[in-house]
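# Summary of structural features
These are the residues of each chain, in order.
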Amino acid sequence: MPLLEVQDLRVTLQTARGPADALREVSFSMERGETIGLIGESGCGKSMTALALMGLLPEGARVTGSMRLDGTELTTLAESDWCALRGHRIGMVFQEPMTALNPLHTVGRQIAEPLRLHKGLDARAARAEALRLLERVHLPQARARLDAHPHQLSGGQRQRVVIAIALACAPDLLVADEPTTALDVTIQREVLDLIGELVRDSGMGLVLISHNLGVMADRVQRLFVMYGGTVSEYGPTAEVFAHHAHPYSLGLFAARPRLGLARGTRLATIPGRVPDLADLPVGCPFADRCARVVPACRVALPAPVALGPGHMARCLRLDVQTHARAEAAA
Amino acid sequence: MTLLAVEHLGKRYRLPRRNLFAAAPEVQALADVNFALQAGRSLGIVGESGSGKSTLARLVMALEVPSSGHVRLDGDDLHALDAAALRRARARLQMVFQDPYGSLDPRRTVLQTVAEPLAVLHGAGRAEQRERAAEVLDAVGLRPGDLGKYPHEFSGGQRQRIAIARALVTRPELIVADEPVSALDVSVQAQVLNLMQDLQERYGVTYLFISHDLAVVELVCDEVIVLQHGRVVEHGRPHEMFRRPQHAYTQRLLAAVPGR
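Structure report, in brief.

Rules used throughout
- Residues numbered from 1 in each chain as written.
- Chains lettered and ligands numbered in written order.
- Predicted model: local features only at pLDDT ≥ 70, side-chain atom pairs only at ≥ 80, totals over all residues.
- Heavy atoms only, no water.
- Pairing = 2+ DSSP bridges.
- Helix = DSSP H or I, 4+ residues; strand = E, 2+ residues; numbered from the N terminus.
- Contact = heavy atoms within 4.5 Å.
- Axes fitted to C-alpha atoms, helices over the stretch in contact; angles between N-to-C directions.
- Buried < 20%, exposed > 50% of the residue type's maximum accessible area, 1.4 Å probe, protein only.
- Core = buried A, V, L, I, M, F, W, Y, C linked by side-chain atoms within 4.5 Å.
- Buried area = accessible area lost by both parts, 1.4 Å probe.
- Salt bridge = Lys/Arg side-chain N within 4 Å of Asp/Glu carboxyl O.
- Parallel < 35°, antiparallel > 145°, perpendicular 65-115°, else oblique.
- Left-handed = near helix turned anticlockwise from the far one by under 90°.
- Nonpolar A, V, L, I, M, F, W, Y, C, P; charged D, E, K, R; others polar.

This part covers the sheet that holds strand E1 (residues 2-14) of chain B. Residues and elements named next belong to chain B. Judged by pairing direction, the sheet is antiparallel, and its 4 strands sit side by side in the order E2-E1-E4-E5 without closing on themselves. A strand with exactly one partner marks an edge of an open sheet, and here the two such strands are strand E2 (26-38) and strand E5 (76-77). Summarising the sheet, E1 and strand E4 (residues 68-73) pair through 5 bridges and their orientation is antiparallel. Paired with Glu-7 across the strands is His-70, a residue of E4. Packing against the sheet, helix H1 (residues 53-60) makes contact with E1, E2 and E4, and its axis sits at approximately 120° to E1.

So, about the pairing of strand E6 (residues 90-93) of chain A. All names here are of chain A. Burial of E6 is two-sided: the residues Ile-90 and Met-92 facing one way and the residues Gly-91 and Val-93 facing the other way are all buried. Sheet analysis places E6 next to strand E7 (residues 173-177), joined by 4 bridges and oriented parallel. Looking across to E7, one finds that Met-92 is bridged to Val-175.

Turning our attention to the nonpolar core. Ranked by internal contacts, the top residues of the largest apolar core, which has 111 residues, are Leu-134, Val-137 and Ile-163 of chain A together with Val-114 and Ile-164 of chain B. Of all the elements, helix H6 (residues 186-203) of chain B adds the most residues to this core, at 8 residues. Excluding its chain neighbours within four sequence positions, the residues that come into contact with Val-114 of chain B are Ala-133, Val-136, Leu-137, Ile-162, Ala-165, Arg-166 and Val-169 of chain B. Core analysis: the next-biggest nonpolar cluster, separate from the first, contains 33 residues, Val-26, Met-48, Leu-53 and Val-207 of chain A among them.

Okay, the pairing of strand E11 (residues 305-308) of chain A next. Regular strands place side chains that alternate from one sheet face to the opposite one. All names here are of chain A. In this structure, E11 lies alongside strand E12 (residues 311-313), joined through 3 bridges in antiparallel fashion. Its bridge partner lying in E12, Val-305 is registered against Ala-313. Counted between consecutive antiparallel strands, the loop separating E11 from E12 contains 2 residues, among which Gly-310 sits at a positive phi close to 70°.

Facing 34 residues of chain A, the contacting portion of chain B comprises 38 residues. Approximately 2,900 Å² of surface area, both sides summed, lies buried where chain A meets chain B, with 52% of it carried by carbon and sulfur atoms. There are 3 salt bridges connecting chain A and chain B. Elements represented by at least two residues in the side of chain A that touches chain B include exactly helix H8 (185-202) and helix H9 (213-217) of chain A. A total of 5 residues in the side of chain A that touches chain B trace back to one element, the largest contributor, which is H8 of chain A.

What follows covers the sheet that holds E12 of chain A. Residues and elements named next belong to chain A. Overall, mixed pairing links the 8 strands, which are arranged E6-E7-E8-E3-E9-E10-E12-E11 in an open sheet. Two strands lie at the open edges of the sheet, namely E6 and E11, each paired on one side alone. Between one strand and the next, the sheet's axes are offset by a mean angle of 20°, whatever the strand orientation. The strands touched by helix H11 (residues 247-254) within the sheet are strand E9 (222-227) and strand E10 (230-236), with E9 carrying the most contacts at an inclination of about 100°.

Further remarks concern the environment of Val-225 of chain A. Residue and element names in this part refer to chain A. Secondary-structure assignment places Val-225 in strand E9. Under the relative-accessibility criterion, Val-225 is labelled buried at 1%. When the C-alpha atoms of Val-225 and Ser-249 are compared, they prove to be 7.2 Å apart, with 24 residues separating the residues in sequence. Setting aside residues up to four positions removed in sequence, Val-225 forms contacts with Ile-39, Thr-230, Val-231, Ser-232, Glu-233, Val-240, Tyr-248 and Ser-249.

Residues and elements named next belong to chain A. Within the structure shown, the criterion is met by 32 salt bridges over all chains. The partner of Arg-160 in a salt bridge is Glu-190, and the shortest N-O contact between them spans 3.1 Å. You can see Arg-160 sitting in helix H7 (residues 155-167) and its partner Glu-190 sitting in helix H8, a full 30 residues away along the chain. The exposure class of Glu-190 is partly exposed, given its relative accessible area of 41%. Sharing partners across several salt bridges, the network here consists of Arg-32, Asp-70, Arg-89 and Asp-172.

This part covers unusual backbone geometry. Residues and elements named next belong to chain B. Residues other than glycine seldom take positive phi values, yet Ala-62 does so here, at roughly 60°. Within the secondary structure, Ala-62 is located in the loop between H1 and E4. If you check the backbone angles, Arg-171 has positive phi at about 50° while not being a glycine. Structurally, the position occupied by Arg-171 is in the loop between helix H5 (156-168) and strand E7 (174-178).

All names here are of chain A. Look at helix H4 (residues 107-119) against H7: their axes get within 8 Å of each other, and the N-to-C directions meet at 25°. Relative to H7, the element H4 lies roughly parallel. Of the two elements, H4 crosses H7, and the hand of that crossing is right-handed. Note on element contacts: H7 touches H4 through Val-161, Ala-164 and Ile-165, opposite Val-107, Gln-110, Ile-111 and Pro-114. Of the residues in the contact of H4 with H7, the class split is 6 nonpolar, 1 polar and no charged.

Structure below.
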C-alpha cells in the first residue's frame, strides 16, 4: 500500500466572484522513504495542495476526490481526527520560521508540545526528547538553546527548530512548503541537507514544495510541475530536467537565469500572466499563453500523455515538439 | 567617466546598552569599502544577510550618514552637500526595492505614485507630470491607460514595473536596486531583468545592483563585489570571478548555489 495516494483531488474555494477550482484532477502517489517535489509559480496550486494534505484549507473550501494516508481516507476526516494526525503522523515545515514559532514560548517548550500532546510524555521526558531532537537537527549548544526564545536565534537556527518540531513524533510524511525561501543560500543548503539526511534515516516520505527549480534538482526523486491548479507535467526529476516537454515547463526552464550566461543575455519570457483562480478556463489553463494552442486545447483539461516510464504531460500538442526535435537532430 | 565613487566607506551602528555603566556596544556594519562605478555600467553587490549590502545602498542613497569615508557622485561628496544641493542631487539617484507589494502605497493611483518624485524634486506642473508619467509607463511596458489604476489591480511583475517607472521618472543617472527580482516568480523575474537591461541600453542608466542570486548578477553586471561582515573580500568581473573564485567565502557562496 502506498504511503500517500491522492486521486482526482479537486478543491473548490468560495470567492467573492463565486466558486473557483483552486485544484483540479491532482493525482499522485508515493511510497515510504520517497521524496517528491511540487514546483510552480505563485497561484499554481502547490501551496493549496500542501494545505489540503495537512487539512488546513481555508474555511468553506469543498474537497472532492480522495487522499489516503496509509489507506486512511483524509478528505472525510473530522477536525478532531485531523488534530490527532497533524504534527503526529504528518509533520509540517513552513516558509517563514519566525511566524511559525511562538515568540512567547521557549524553543524547548515548543518542541515538547507535540510530544506531550500526541505521545503523552511527561514534562521531564518531553524535555529530554526535545534536547535529543535539537541535537539531531545539529543546533549548536543544544542544551542552552532549550531555554532560548525564537528571537535569540538566527533564521537558519529557527528553521532547525521548526524541523525539530515537525520531526518530534517521527511522522510518516513530512510536508515542507518553501522551507528555505527566507534563508541565505549557504544556510539553504545546510537546511536542505539536513532534511535529506533525516528523510533517509527515518524512512518517512517527503513532499518538498518550492518555486526554485535549482532546489529541486538534487533533492527529490520525482518532480511535479504545477500550473493553473493542476499537475501539468511530472516524472523522475532527472528525466523532467533533461526532457521536459509541456510548453509551460519549457517556458519555466528557459526563463531561469543560470550561472555562465553572458552579460546582457536576454532571458526567454512567457507572454501573458498566470490566470486568476476565479477565471480558470475549462480547458488547458496554459492555453492563453501558449504558442501552440489549437481550439481543442480550450475544450477540456487535456489528459496526461505518457512520455516515458513514469513521465507524463497534460498537453495535446506534444507531437509538435517531437517533430521540432527530430528536425533539429536531422 | 566615473559617476559614483565610494572611498573608505564605513558605518558603525550603536547597539542598546547592556549595562547602565558600560559604553554602548557597536557593530561595524561596513568597513573600508572602495569602488568606482562608471556611468552606464552595472556593479553587483553580493553577500549574505547581515553582510552590509543594504547598509551600503542606504549610504549611497544618502539616507544614512557614514561613520567614515565618502560617497562621491560626479566628484561631489553627497554627505557634505547642504540641504538644497542634496535635494538637487537626489533627483539623480533613485531606488527600487525588493517587495513591490510593500513599496507602493495602496491608496494612491499609479499617476500619483509615479509622478510624485517629479513634483517633489522638480516642482513640475500637472500637465508635465502626466506627460512624463505616461512616457515612463510606456518605457516599462505598461499602458498610459493604467495611470488611473491602483496597485491592487496589477500583478507582482507589473507592480515592480511601476516601481521602476517611478525610479525612472526623474531621469536619474544612478538606480540603486536592492534585490529587485527576489520576490518575483521565475517567468516574471525574467521580464523585469530584460526590462532593466533594455532601459540601460536605451537611457544609459547606471545600476548598483544588490542581489543574493549570483546567476542574476552575472547576467546584468559588469563588475561585482563580494561583501562579508561589511568588508569587500573579492572584487572583479562576475564571469571570471564565478569561474575561478579566489576567496574562500566566494567559493562557499558559489558552492551553495542549488542545482548546479
